[in-house]
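Structural characterization, general
So the chains spell out like this:
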Amino acid sequence: MSNVASEQKQRGQTYTPESVSSFLVEWAVRDSSDTVLEPSVGEGRFVFDAYDRLLDLGASEDAARGQIYGADIDEEAVETLQESAREQTGAEFPHVGVENIFEADFPEVDALVGNPPYVIRHRFENAENVIEQFSNEYNFSDQSDLYVYFLLQATEFLAPGGKMAMIVSNSWMKRKYGEEFKRFLLNEFYVHGLIGFQERVFDDLANAVCILAEKRENTIRMPATNDVRFVQADSTDIFDGSGSKSLDDLTDTAVQAARVPQRALGPEDYWDIWLRAPDVFEAIKGSEDFVPLSEFATPMIGVQTLAKDFYIIEENDAARDDIEDEYLRPIAYSSRDHQSPVVRAEDCSYRVFWCPTSKEELAGTAALEYIEAAENRTVEKRYSDETYDGLHNKTRIRNASRDPWYDLTDEAVSRLPSEILLPRRVYQNYTAVWNADAVVPNENFLATTVKDERYLKPLLAYLNSHLGELCLRLAGQVYGGGVCDLNVSSSKTIQTLDLAARTDDELETLVDAFDEFVESEDRSVLDEAVYSVLGFSDVEREEIREALDLAIDESLSKGS
């Protein structure tokens with residue numbers, strides 16, 4: 001990567017397609033007298049769009065240039081912008097300069113537009129100082145990305161009644177720190193539209209969303225009466241075409257669309273579900289037939305060994321033949337190895353080193369030789385030229401406080417029986433696996449222990465149905481690489497059939513369906529059982545199928 005590219009990544013610079021920037025500017029700038037702020041100008045995409053928009057509305061060239069404010073910490077980018085301004089408009093933009101938005105002072109403006117930097121906290125300078133500026137009023141997690149603070153700062157310059165049209169990462173729609181940001185939006189703005197994309201808008205960002213919002217009067221704290229338009233576009237092509245487009249126009253050509261009263265949105269909700277499967281989600285959310293997965297099961301991350309090359313022993317590893325069997329246990333290592341509905345001990349090609357025994361008691365064993373070989377080898381530090389003298393001195397191993405250092409049996413046992421193994425990373429194919437022999441689950445799985453054995457097979461039947469898969473994917477986060485990621489928190493929220501409310505006959509129907517699925521691996525058997533229990537019509541079944549296809553397509557399109 002070039003130095004320029006590295007600096008852009010450090011600063012989070014990502015340049016916006018013209019069709020997107022022009023739409024956002026057109027939505028936010030409504031009058032020839034409007035003043036406009038672009039808080040991260042880069043080389044000027046939004047600045048020039050705002051200039052053209054003001055001219056179209058009747059402003060003079062001099063007036064338009066003077067109505068635009070902007071800043072950027074990249075001196076070279078601002079210089080390029082002003083050079084283009086001299087060439088294209090005959091003069092520079094007088095209120096655009098090299099400045100840090102967190103230290104800038106602008107007048108109140110009528111429109112806020114732009115593409116803030118996508119930088120996670122640990123990758124930008126003076127993070128603590130930035131956070132401290134807002135700590136008294138807001139309570140964001142230390143995992144928050146820079147753009148959250150960036151927007152908070154920029155909106156301080158937006159006048160009541162002013163329009164905000166920004167394109168940002170959509171991580172706030174689902175992550176924990178996003179609750180505070182959503183609360184900020186709900187309290188301070190009328191959120192008119194949220195526009196997402198199935199494909200990547202930017203090469204280095206899998207997920208982007210356009211926020212279209214109007215700042216509320218400072219004295220207003222009554223619930224908002226507006227609707228939020230959720231629009232899921234196939235691509236940025238949705239903005240192409242002659243003439244201006246409204247949110248209604250975009251809705252007509254969207255892949256998915258929903259209209260939700262703002263007062264019905266909570267900061268704890270996963271808002272992106274309204275982009276990904278609004279019809280199905282609306283039906284589920286309003287139904288008493290569904291509850292979160294946490295009602296019936298407890299998911300945990302599988303065993304994190306912290307030293308895979310020591311603890312995980314492959315089938316063709318010579319150590320496998322030498323180490324005594326009592327110090328090896330089957331481990332379900334990867335979801336790609338376990339696509340069938342059931343995993344048995346004999347299905348596991350990997351073993352985990354399982355040794356709670358002291359070195360003194362291991363005298364004369366191959367297990368002791370294996371441990372001592374690890375203690376006597378040189379271990380390289382990650383991202384460093386430094387080394388450790390022995391695996392037991394590795395920082396992560398020492399911090400794990402294992403006693404003895406090689407014993408992870410307590411960590412493994414705490415995750416058992418883990419009757420259901422859910423993949424933490426869901427690709428095109430998905431299976432919720434019945435861990436029939438209670439094999440040790442690796443960290444690639446969410447080790448899920450069922451609270452009541454009666455519900456084990458009915459839960460497996462539901463999770464492996466197409467409806468169950470859809471709800472699981474909707475709870476996850478779609479990143480690059482064609483993958484939908486699940487974590488413990490998100491997996492607890494998976495909308496699940498309320499098994500406690502089902503009759504004994506309905507539960508038996510689900511049990512029989514799962515048993516048949518184990519034999520045939522035909523999911524239609526599960527679908528028929530789940531849909532018949534719920535009484536879903538053919539129309540509802542088709543909506544689920546289409547929504548699942550779109551969810552999978554979304555993952556695949558963002559993997560390229």
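Above this text is the structure in question.
So, a few notes on the structure that sits alongside this text. Treat the numbers as computed from the prediction; the structure is a model and nothing was measured. (Residues numbered from 1 in each chain as written. Predicted model: local features only at pLDDT ≥ 70, side-chain atom pairs only at ≥ 80, totals over all residues. Heavy atoms only, no water.)

Observations regarding the overall build of the protein chain
Looking only at helices and strands, one finds 22 helices and 25 strands in the protein chain. Burial status across the protein chain gives 55% buried among its 560 residues. Considering only contacts in the protein chain between residues 6 or more positions apart, those separated by 24 or more positions represent 75%. Taken as a whole, the protein chain presents about 24,800 Å² of accessible surface, with 41% of it coming from carbon and sulfur. (Helix = DSSP H or I, 4+ residues; strand = E, 2+ residues; numbered from the N terminus. Buried < 20%, exposed > 50% of the residue type's maximum accessible area, 1.4 Å probe, protein only. Contact = heavy atoms within 4.5 Å. Areas by Shrake-Rupley, 256 points an atom, 1.4 Å probe, with all protein chains shown as cover.)

Notes on the packing of aromatic side chains
Pairs of aromatic rings are described using the distance from one ring centre to the other and the angle between the two planes. Under the definition given, this model contains 24 aromatic pairs. Both rings, one in tryptophan 274 and one in phenylalanine 281, keep their centres 5.0 Å apart while their planes meet at 80 degrees; by these two values the pair is edge-to-face. The exposure classification of tryptophan 274 matches that of phenylalanine 281, with both residues buried. What links up through ring pairs into an aromatic cluster is the set Phe310, Tyr311, Phe353, Tyr370, Trp405 and Tyr406. In this arrangement the basic side chain of arginine 336 is found over the ring face of tyrosine 427, its NZ or CZ atom lying 4.1 Å from the centre. Arginine 344 extends its terminal NZ or CZ atom over the ring of tryptophan 434, reaching a point 5.7 Å from the ring centre. (Phe/Tyr/Trp six-rings, centres within 6.5 Å; stacked < 30°, edge-to-face > 60°. Lys NZ or Arg CZ within 6 Å of the ring centre and 35° of its normal.)

Considering helix α7 (residues 146-155)
Of all 10 residues that make up α7, 10 are buried, and the element is covered over most of its length. Turning to α7, its buried residues number three or more, namely Leu146, Tyr147, Val148, Tyr149, Phe150, Leu151, Leu152, Gln153, Ala154 and Thr155.

Describing the packing of helix α18 (residues 466-475) against helix α21 (residues 523-534)
Following both chains from N to C, one finds α18 and α21 inclined at 85 degrees, their axes separated by 8 Å at the closest point. As judged from the angle between their axes, α18 and α21 are roughly perpendicular. Contacts from His466, Leu467 and Glu469 in α18 reach Arg523, Asp527, Val530, Tyr531 and Leu534 in α21. Among the residues forming the contact of α18 with α21, the class breakdown is four nonpolar, one polar and three charged. (Axes fitted to C-alpha atoms, helices over the stretch in contact; angles between N-to-C directions. Parallel < 35°, antiparallel > 145°, perpendicular 65-115°, else oblique. Nonpolar A, V, L, I, M, F, W, Y, C, P; charged D, E, K, R; others polar.)

So, the nonpolar core
In terms of nonpolar packing, the biggest core is built from 100 residues, with Met164, Trp172, Leu194, Phe230, Leu422 and Leu467 touching the most fellow members. For this core, the element with the most residues is α7, which contributes eight residues. Look past the residues within four positions of leucine 422 in its chain and what remains in contact with it is Leu293, Tyr430, Ala432, Asn444, Phe445, Leu446, Thr448, Leu463, Leu472 and Ile494. If you look at the next biggest cluster of nonpolar residues, it comprises 40 residues, including Leu24, Trp27, Ala208 and Leu212. (Core = buried A, V, L, I, M, F, W, Y, C linked by side-chain atoms within 4.5 Å.)

Structural notes on the side chain of aspartate 49
Tracing the backbone shows aspartate 49 in helix α3 (residues 45-56). Judged by relative accessible area, aspartate 49 falls into the buried class, the value being 7%. A polar contact of 3.3 Å, which involves the side chain of aspartate 49, links it to the backbone nitrogen of serine 22. Beyond its immediate sequence surroundings of up to four residues, aspartate 49 is in contact with Glu18, Ser21, Ser22 and Val25. (Polar contact = N/O pair within 3.5 Å; in protein donor to acceptor, adjacent residues only side chain to side chain.)

Some words on unusual backbone geometry
Note: most residues except glycine have negative phi, and most peptide bonds are trans. The peptide bond linking aspartate 403 to proline 404 adopts the cis configuration, its omega dihedral lying at 0 degrees. Relative to the assigned elements, proline 404 resides in the loop between α15 (395-399) and α16 (409-413). The omega torsion of the bond from leucine 416 to proline 417 falls at 15 degrees, within 30 degrees of zero and hence cis. Relative to the assigned elements, proline 417 resides in the loop between α16 and β18 (420-423). The phi dihedral of serine 418 is positive, around 45 degrees, even though this residue is not glycine. Despite not being glycine, alanine 438 has its phi angle at roughly 50 degrees, a positive value. Among the secondary structure elements, alanine 438 is positioned in the loop between β20 (433-435) and β21 (440-441). Exposure remark for alanine 438: the relative accessible area of 32% places this residue in the partly exposed category.

Describing the sheet that holds strand β24 (residues 484-485)
Sheet strands associate in pairs through backbone hydrogen bonding, adopting either a parallel or an antiparallel arrangement. Strand order across the open sheet formed by three strands is β19-β24-β23, with antiparallel pairing between neighbours. Looking at the sheet topology across the chains shown, the edges are occupied by β19 (425-426) and β23 (477-478). (Pairing = 2+ DSSP bridges.)

Focus: the sheet that holds strand β8 (residues 227-233)
Pairing in this open sheet of nine strands is mixed, and the strands run β3-β2-β1-β4-β5-β7-β6-β8-β9 from one edge to the other. With partners counted over all chains shown, the strands left at the sheet margins are β3 (95-98) and β9 (256-261), one partner each. Between one strand axis and the next, the sheet turns by 10 degrees as a mean value, whatever way the strands run. By the bridge criterion, seven bridges tie strand β6 (residues 189-197) to strand β7 (residues 208-215) in an arrangement that is antiparallel. Across the sheet, residue leucine 194 finds its bridge partner in β7, namely isoleucine 211.

Overview of the environment of arginine 45
Inspection of the secondary structure assignment puts arginine 45 in helix α3. For the pair formed by arginine 45 and threonine 16, sequence separation is 29 residues and the distance between their alpha carbons is 7.2 Å. Sequence-distant contacts of arginine 45, defined by excluding residues within four places in its chain, comprise Thr16, Glu18 and Ser21.

What to know about α21
Taking 1.5 Å per residue, 12 residues should reach 16 Å; α21 reaches 17 Å between its end C-alpha atoms and fits that length. Counted residue by residue, α21 has nine buried out of 12 residues, so it is predominantly covered. Taken together, the buried positions of α21 are Arg523, Val525, Leu526, Asp527, Ala529, Val530, Tyr531, Val533 and Leu534. Note on α21: the residue one or two positions beyond its end, glycine 535, has a positive phi of about 70 degrees. (Expected span 1.5 Å × (residues − 1).)

Quick word on the pattern of salt bridges
Tallied over the full model, the rule gives 22 salt bridges. Aspartate 437 is the partner of arginine 344 in a salt bridge, and the nearest nitrogen-oxygen pair spans 3.0 Å. Separated by 93 residues along the polypeptide, arginine 344 in the loop between β14 (342-343) and β15 (350-353) and aspartate 437 in the loop between β20 and β21 bring together distant segments of the chain. For arginine 541, the salt bridge goes to glutamate 528, with nearest N and O atoms at 3.1 Å. On the criterion of sequence distance, the pair formed by arginine 541 in helix α22 (residues 538-557) and glutamate 528 in helix α21 is long-range, its members being 13 residues apart. Of the residues examined, glutamate 528 reaches a relative accessible area of 44% and is grouped as partly exposed. (Salt bridge = Lys/Arg side-chain N within 4 Å of Asp/Glu carboxyl O.)

Remarks on the side chain of serine 235
Inspection of the secondary structure puts serine 235 in the loop between β8 and α9 (247-253). Among residues more than four places away in sequence, those in contact with serine 235 are Phe197 and Glu199.

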